[in-house]
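# Close look at the chain arrangement
Each chain, letter by letter, is given below.
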Amino acid sequence: MEARAIAKTLRVSPIKARLVVDLIRGKQVNDALVILNNMNKKPARLTKKVLVSAISNAVNNNGADQDELYVKEARVDAGPVMKRHMFDSRSHIGHKDKRTSHITIVVATR
């Protein structure tokens, strides 16, 4: 049985978030929480919230046991890009793209 949680339009670059999500893919849920708790990165805090939500969905909606859950799927997709402009040298306009992410985590029992 599976349960999923999705967080959309998070203000973190997908490239940075994928570095964190790659560490927990395929791991037991308790081990993934330990990994995320010990990382000092913004994507780790956001990913932990999504993982806790997926665990809660599995336990409350499907009656699963938390000790038997593992991270079946964890992915980061690119969200909308907020395009900002600023003055650059020699009166040019520079671009500062503020990227967003969608984090999806699926937990399941073995």
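### Here we look at the nonpolar core
- In terms of nonpolar packing, the biggest core is built from 29 residues, with Leu-51, Leu-69, Ile-105 and Val-107 touching the most fellow members.
- Within the residue set of this core, elements represented by two or more residues are β1 (2-10), α1 (14-24), α2 (29-37), α3 (42-62), β2 (69-78) and β5 (101-109).
- Ranked by the residues each element gives to this core, the list is headed by α3, at seven residues.
- Sequence-distant contacts of Ile-105, that is, excluding residues within four places in its chain, are made with Ala-3, Arg-4, Ala-5, Ile-24, Thr-47, Val-50, Leu-51, Ala-54, Val-71, Glu-73 and Ala-74.

### Description of the pairing of strand β3 (residues 82-87)
- Within β3, only zero of the six residues are buried, which leaves it mostly out in the open.
- Remark: five residues form the turn of the hairpin made by β3 and strand β4 (residues 93-98), two consecutive strands paired antiparallel; Arg-90 in that turn has positive phi of roughly 55 degrees.

### Thoughts on α1
- Within α1 the residues assigned to the buried category are Pro-14, Ala-17, Val-20, Val-21 and Ile-24. End-on, the buried residues of α1 take up no more than an arc of 125 degrees, which puts them together on one face. Along α1, exposed side chains directed more than 90 degrees from the buried face belong to Ile-15, Lys-16 and Leu-19.
- Its buried side turned inward, α1 meets α2, α3, β2 and β5.
- Positive backbone phi, approximately 85 degrees, marks Gly-26, located one or two places after α1.

### Considerations on the sheet that holds β2
- What the three strands build is an open sheet, ordered β1-β5-β2; its pairing is antiparallel. With one partner strand each, in any of the chains shown, β1 and β2 form the two edges of the open sheet. Averaged over neighbouring strand pairs, the angle between their axes works out to 15 degrees when direction is ignored.
- Strand direction decides the pairing type here: β2 and β5, joined by nine bridges, are antiparallel. Considered in β5, the bridge of Arg-75 is made with Thr-104.
- On the sheet, α3 packs against β1, β2 and β5 and is oriented at approximately 150 degrees with respect to β1.

### Notes on the side chain of His-102
- Looking at the secondary structure, you find His-102 in strand β5.
- By relative accessible area, which is 18% here, His-102 ends up buried.
- Separated by 3.0 Å, the side chain of His-102 and the backbone nitrogen of Thr-9 make a polar contact.
- Excluding its chain neighbours within four sequence positions, the residues that come into contact with His-102 are Ala-7, Lys-8, Thr-9, Arg-75, Val-76, Asp-77, Ala-78, Gly-79 and Pro-80.

### Here's the deal with α2
- Looking at α2, one finds that the buried residues are Val-29, Ala-32, Leu-33 and Leu-36. Buried residues of α2, seen end-on, are gathered within an arc of 100 degrees and therefore sit on one face of the element.
- Each element contacted by the buried residues of α2 is listed here: α1, α3, β2 and β5.

About the cut-offs
Residues numbered from 1 in each chain as written. Predicted model: local features only at pLDDT ≥ 70, side-chain atom pairs only at ≥ 80, totals over all residues. Heavy atoms only, no water. Core = buried A, V, L, I, M, F, W, Y, C linked by side-chain atoms within 4.5 Å. Buried < 20%, exposed > 50% of the residue type's maximum accessible area, 1.4 Å probe, protein only. Helix = DSSP H or I, 4+ residues; strand = E, 2+ residues; numbered from the N terminus. Contact = heavy atoms within 4.5 Å. Pairing = 2+ DSSP bridges. Arc of directions from axis to C-beta. Axes fitted to C-alpha atoms, helices over the stretch in contact; angles between N-to-C directions. Polar contact = N/O pair within 3.5 Å; in protein donor to acceptor, adjacent residues only side chain to side chain.

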